[in-house]
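Chain and residue survey
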Amino acid sequence: MAISSRLLSLALLSLVVSCAFGEKTKGVTYDARSMIVNGDRELLFSGSIHYPRMPPEMWPDIIRKAKEGGLNLIQTYVFWNIHEPVQGQFNFEGNNDVVKFIKTIGEQGLYVTLRIGPYIEAEWNQGGFPYWLREVPNITFRSYNEPFIHHMKKYSEMVIGLMKKEKLFAPQAYRDNGKKYVKWAANMATSLYNGVPWIMCKQKDAPPQIISTCNGRHCADTFTGPNGPNKPSLWTENWTAQYRTFGDPPSQRASEDIAFSVARFFAKNGTLTNYYMYYGGTNYGRTGSSFVTTRYYDEAPLDEFGLYREPKWSHLRDLHRALRLSRRALLWGTPTVQTINQDLEITVYEKPGSDCAAFLTNNHTTNPATIKFRGKEYYLPEKSVSILPDCKTVVYNTQMIVSQHNSRNFMASKKAKNLKWEMYQEKVPTINDLSLKNRQPLELYSLTKDTSDYAWYSTSLTFDCHDLPMRPDILPILQIASMGHALSAFVNGEYVGFGHGNNIEKSFVFQKPILLKPGTNTISILAETIGFPNSGAYMEKRFAGPRGVTIQGLMAGTLDITQNNWGHEVGVFGEKQELFTEEGAKKVKWTPVTGPPKGVVTWYKTYFDAPESNNPVALKMDRMQKGMMWVNGKSIGRYWSSFLSPLGQPTQFEYHIPRAFLKSTNNLLVIFEETGGHPETIEVQTVNRDTICSIITEYHPPHVNSWERSGTNFVTVVEDLKSGAHLTCPDNKVIEKVEFASYGNPDGACGNLFNGNCNSANSAKIAEQHCLGKNTCTIPIEREVYDEASKDPCPNIFKTLAVQMKCGNKK
């Protein structure tokens, strides 16, 4: 069957793309209830997945897993700075082929929301604006500013023209200037293409031709509704966790909390939610914005490596099925709300004589409750919603996770080990080595023009012995006031130290004691950016780099050398020579790493074979400091293991190497280390989620797959409607070991389960009988299966079954 991808609805600056299976599309419109696609109302479950944050080889698998998770819509940005890195020169090839990405989604029968921006934020360098836009005279980003709107319109026309050409459409911030800009953008967008709806997120005063939408964690309670009575309630960013910056502790958001917020939103007339992110991927190269880690939204339903993060992925999958079982009532029924008290609420969608669906809500954060509905009592855990697609049967509760859990494992590769490292150390330049001179240090953003994270600064000073401290226990102090983001300092070619800011406060003051000598002294600074800003007003006017340099503690007092004449050079030698490529690596002499490496501004290289199995690959960098990584000439991003979180651990120390970047043998790995590290400790790893678990109680409902819709009828599809522990190994593996099993009152999380004070002695035996050697199994949760009534070790408590299994390849 011929498959085509068609654009469904436009959003401002976000547009929805339809991927239809060959039929003639009628287009996309909306009413107060929902989006209407090809004449039918739709419940839309969407996930943000960004094409530049993974290689094209990963696109089909990630989209397939999103579809398996119950999504029917994918959302992505169009990233201006990767498509027009040089003004007037466009790139839509390879990883930048957004059309191919849309068509790949279409091949799996999903819709697309294409957020064209041009401002995207997205923790992406400069919010997606190309660097050259910053240097347009008199420009002010995201304002009713003539230079900005000229280039924005030109870019938008190009993107929408491309979508039209590919036949992807279904039918084919600053006070007054900020408000004028919003209205202009809406008019511009609809004038370019008005065949599909446009939406605008987080814009309460969106123009009438645009649908305003919600972003946040709890839009059921924070969204005041769309900007008009005949528009649907849409949730364009439901944050599945939080992106992380270097120095941050782990970011968490419970599966139960996400499910609760979505169920509440759909109970309150919502018909579209988009998970931001559903798959975060990786900020390869230098694409992340200020201080953002290379790993992006690893806590999403699909983790950075594209593996199912359980139970987040499957608990939301089950929620989508429960809502689809309620579809007819939600889209055509009339809602009524019964408030029982400040915590308990019953919402019913009913079409008299046919369809009925109910949401039973307990808003209390700590206390469970019992609610009476149509003559029957229902138990509600704390902060939960139960979904009854027939107004009788609980098929899903947001707090009761029936689906499985898993734990991620990093395993040292057996094939890619015993790495033999060689090194090449950069020369620390003097002012005479640097051709670009200026009286004072130049601003770093405009100096590098986003072509490198690095720039050298150097100056020289002459002292006689009477200028320097006479006592050996007193040293002068080098102080550098920097506007960000980081720097390494050198005096007479010797490393002095490293300083940096953070995502909250980019600027910092570097202070270190230094050794000066009579005669000429050179002070050199390697100034560094960690991405450009991506949000806030006047991004084009942000600055970075050293702004004031003094030497304290001289015999004449403090010496200000800010205007002492400085030499500058963008980038480091190894970047320009492309030492990270096979050809570039031949341009310098490498020496074996023996003994403690020197480390500062040093390049390291080695070769390794592709690891065993088909599992994803990672690089463990926990004992390195800060720098960049390349495999076979492809940048896998920035690392910064020395920036510890408040927990005393690096924010990130495992880095994803896509299998698509690897050859079977002899892969070139190159590291540029800025401040010192231990390359001999770097480890190539494989990654799996072969540890699977279930934690389920007696009062959990049966799995939502136990029911289906047959026309207007709601029917069971299993003979024995009972709850149980359902487990499935990934990638057609089988359960090879029961690592933990307890029927009683166990506790803990997958990977760290432990017994309570009550446990059936038969727990492990029952788990083994039902699961060993199988890809999929179900373990019953019935008391008589585990113990005779007279031998029950704890008959007077509600029982929990917790099991942990190890999956492996079939023997």
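Residues numbered from 1 in each chain as written. Predicted model: local features only at pLDDT ≥ 70, side-chain atom pairs only at ≥ 80, totals over all residues. Heavy atoms only, no water.

**Details of the overall build of the protein chain**
This is how the line gets drawn: Each helix corresponds to a stretch of at least 4 residues labelled H or I by DSSP, and each strand to a stretch of at least 2 residues labelled E; elements are numbered beginning at the N terminus. Here the radius of gyration uses the C-alpha set of atoms, whereas the globule reference equals 2.2 Å times the residue count to the power 0.38. Relative accessibility thresholds used throughout: buried, under 20% of the residue-type maximum; exposed, over 50%; partly exposed, between the two (1.4 Å probe, protein chains only). Each accessible area is a Shrake-Rupley estimate made with a 1.4 Å probe; only the visible protein chains count as cover when residues are assessed. Under the counting rule used here, the positive set is Lys and Arg, the negative set is Asp and Glu, and His together with the chain ends is not counted. Taken as the charge location is NZ of Lys, CZ of Arg, CG of Asp or CD of Glu.
Looking only at helices and strands, the protein chain features 15 helices and 47 strands. Its C-alpha atoms give the protein chain a radius of gyration of 30 Å, within 12% of the compact-globule value 28 Å for 811 residues. Overall, the C-alpha framework of the protein chain stretches about 95 × 70 × 55 Å when taken along its three principal axes. Across the 811 residues of the protein chain, 60% fall into the buried class. Accessible surface computed for the protein chain: about 32400 Å², of which carbon and sulfur atoms make up 49%. Placing the 88 positive and 79 negative side-chain charges of the protein chain at their respective mean positions leaves the two points 4 Å apart.

**Description of the sheet that holds strand β4 (residues 35-37)**
Quick note on the threshold: Between any two strands, pairing holds if DSSP finds at least two bridges.
The 3 strands lie next to each other as β3-β4-β5, forming an open sheet whose pairing is antiparallel. Strand pairing shows two members of the sheet lacking a second neighbour, β3 (28-30) and β5 (40-41), which therefore form its edges. In terms of strand pairing, β3 meets β4 through 3 bridges, oriented antiparallel. Counted as the bridge partner of V28 is V37 from β4.

**Concerning the pattern of salt bridges**
Counted only if it meets this: Put simply, a salt bridge is a Lys or Arg side-chain nitrogen that is within 4 Å of an Asp or Glu carboxyl oxygen.
Considering all chains together, one arrives at 41 salt bridges under this definition. R408 serves as the salt-bridge partner of D298, at 2.7 Å between the closest nitrogen and oxygen. Placement of the pair is D298 in the loop between β12 (270-279) and α9 (312-325) and R408 in strand β20 (residues 405-412), with a sequence separation of 110 residues. Across the pair, R408 and D298 agree in class, each one buried. Salt bridges sharing partners connect three or more residues here, namely D298, E299, D303, R309, R408 and R689.

**Overview of the packing of aromatic side chains**
Stated formally: Each aromatic pair joins two rings of Phe, Tyr and Trp (for Trp, the six-membered one) with centres within 6.5 Å, and gets the label stacked for planes under 30 degrees apart, edge-to-face for over 60, and tilted for any other angle. The criterion for a charge sitting over a ring is simple: Lys NZ or Arg CZ within 6 Å of the ring centre, and within 35 degrees of the ring normal.
Under the defined criterion, the tally for this structure stands at 43 aromatic pairs. Grouping aromatic residues by their ring pairs yields a cluster made of Y51, W59, Y77, F79, F101, W124, Y276, Y296 and Y297. Over the ring of Y296 we find R53, and its NZ or CZ is 3.7 Å from the ring centre. In this arrangement the basic side chain of K626 is found over the ring face of W640, its NZ or CZ atom lying 5.2 Å from the centre.

**What about unusual backbone geometry?**
Cis geometry marks the peptide bond from Y276 to M277, where omega comes out at -5°. Relative to the assigned elements, M277 resides in strand β12. With omega at 15°, the peptide bond leading from E310 into P311 counts as cis. Along the chain, P311 turns up in the loop between β12 and α9. The phi dihedral of N492 is positive, around 55°, even though this residue is not glycine. With respect to the helices, strands and loops of the structure, N492 is situated in the loop between β25 (486-491) and β26 (494-500).

**Regarding the pairing of strand β17 (residues 376-380)**
Here strand β16 (residues 369-373) runs beside β17; their pairing, made up of 5 bridges, is antiparallel. Residue pairing in the sheet places F373 in a bridge with K376 of β17. A loop of 2 residues connects β16 with β17, the two strands running antiparallel in sequence, and R374 in this loop sits at a positive phi of about 50°.

**Quick word on the environment of Y144**
Tracing the backbone through its elements, the reader meets Y144 in the loop between α4 (131-134) and α5 (146-165). Once the C-alpha coordinates of Y144 and A66 are considered, the two residues, 78 residues apart in sequence, prove to be 38 Å apart.

**Regarding the nonpolar core**
Note the threshold: As used in this record, nonpolar core signifies buried Ala, Val, Leu, Ile, Met, Phe, Trp, Tyr and Cys residues forming a set joined through side-chain atoms within 4.5 Å. Between two residues, a contact is recorded if the distance between any of their heavy atoms is within 4.5 Å.
Counting residues in hydrophobic clusters, the biggest one holds 91 residues, and the most contacted among them are I49, L133, L319 and L323. Here the element with the most residues in this core is α5; it accounts for 9 residues. With near-sequence residues (within four places) excluded, L133 lies in contact with W80, I139, F141, F148 and H151. F246, Y284, A416 and M629 belong to the second-largest nonpolar core, a separate cluster that totals 31 residues.

**Observations regarding empty space enclosed by the protein**
The criterion, for reference: A 1.4 Å probe that fits into a set of points on a 1 Å grid over the protein atoms alone but cannot get out defines a cavity; an open set with protein on both sides within 12 Å along at least five of seven lines defines a pocket, and lining residues are those with an atom within 4 Å of a point. Grid points are joined across faces, edges and corners, and a volume is the space filled by probe spheres set on the points. Basically, the charged four are Asp, Glu, Lys and Arg, the nonpolar ten are Ala, Val, Leu, Ile, Met, Phe, Trp, Tyr, Cys and Pro, and anything else, Gly included, counts as polar.
Looking at the second largest cavity, its volume works out to about 60 Å³. If you trace the second largest cavity, you find 13 residues lining it, with D318, V395, Y396, M400 and V402 closest to the centre. Elements with a contribution of two residues or more to the lining of the second largest cavity: α9 and β19 (396-397). By residue class, the composition of the lining of the second largest cavity is 8 nonpolar, 4 polar and 1 charged.

**Some remarks on the side chain of E673**
Here is the rule: For this analysis, a polar contact is any N or O atom pair within 3.5 Å, provided that within protein one partner can donate a hydrogen and the other can accept it, and provided that sequence-adjacent residues contribute only side-chain to side-chain pairs.
Here E673 lies in strand β38 (residues 667-675). Buried and unpaired, E673 has K626 as its nearest opposite-charge partner, separated by 8.5 Å. A distance of 3.2 Å separates a polar side-chain atom of E673 from the backbone nitrogen of K626. Beyond its immediate stretch of four places on either side in the chain, E673 contacts G599, V600, V601, T602, Y604, M624, Q625, K626 and Y639.

**Here's the deal with the state of the cysteines**
Our working rule: Two cysteine sulfur atoms make up a disulfide if the distance between them is within 2.5 Å.
One pass over the full model with this rule turns up 6 disulfides. With a sulfur-sulfur separation of 2.0 Å, C214 is cross-linked through a disulfide to C219. Disulfide C214 to C219: torsion about the S-S bond roughly -85°, handedness left-handed. C219 matches C214 in its accessibility class, with the two residues each being buried. Put simply, C771 and C777 are joined by a disulfide, and their sulfur atoms are 2.0 Å apart. On the S-S bond that ties C771 to C777, the torsion sits near 85°, and the link is right-handed. Note on C777: relative accessible area 4%, which makes it buried. Here the protein chain pairs its bonded cysteines, counted in sequence order, in the arrangement 1-2, 3-4, 5-7, 6-12, 8-11, 9-10.

**Details of α5**
This is how the line gets drawn: To estimate how far a helix should reach, multiply one less than its number of residues by 1.5 Å.
Under the 1.5 Å per step criterion, the end-to-end length of α5 is 28 Å for 20 residues, consistent within 8% with the ideal 28 Å. Within α5, the full set of buried residues consists of P147, F148, I149, H151, M152, Y155, S156, M158, V159, I160, L162 and M163. Directly beyond the C-terminal end of α5, a positive phi value near 55° is found at K167.

**Digging into the side chain of D298**
Classification of D298 as buried rests on a relative accessible area of 11%. For D298, the side chain forms a polar contact with the side chain of R408, separated by 2.7 Å. Beyond its immediate chain neighbours, meaning those up to four positions away, D298 contacts D303, E304, R309 and R408.

**A closer look at helix α8 (residues 255-267)**
When the terminal C-alpha atoms of α8 are compared, their 18 Å separation across 13 residues agrees well with the 18 Å that a helix rising 1.5 Å per residue should span. Across the 13 residues of α8, 12 count as buried, placing the element largely inside the fold. Turning to α8, its buried residues number three or more, namely S255, D257, I258, A259, F260, S261, V262, A263, R264, F265, F266 and A267.

**A closer look at the environment of F101**
Here F101 is to be found in helix α3 (residues 98-107). Excluding its chain neighbours within four sequence positions, the residues that come into contact with F101 are I49, Y51, M54, W59, I63 and T76.

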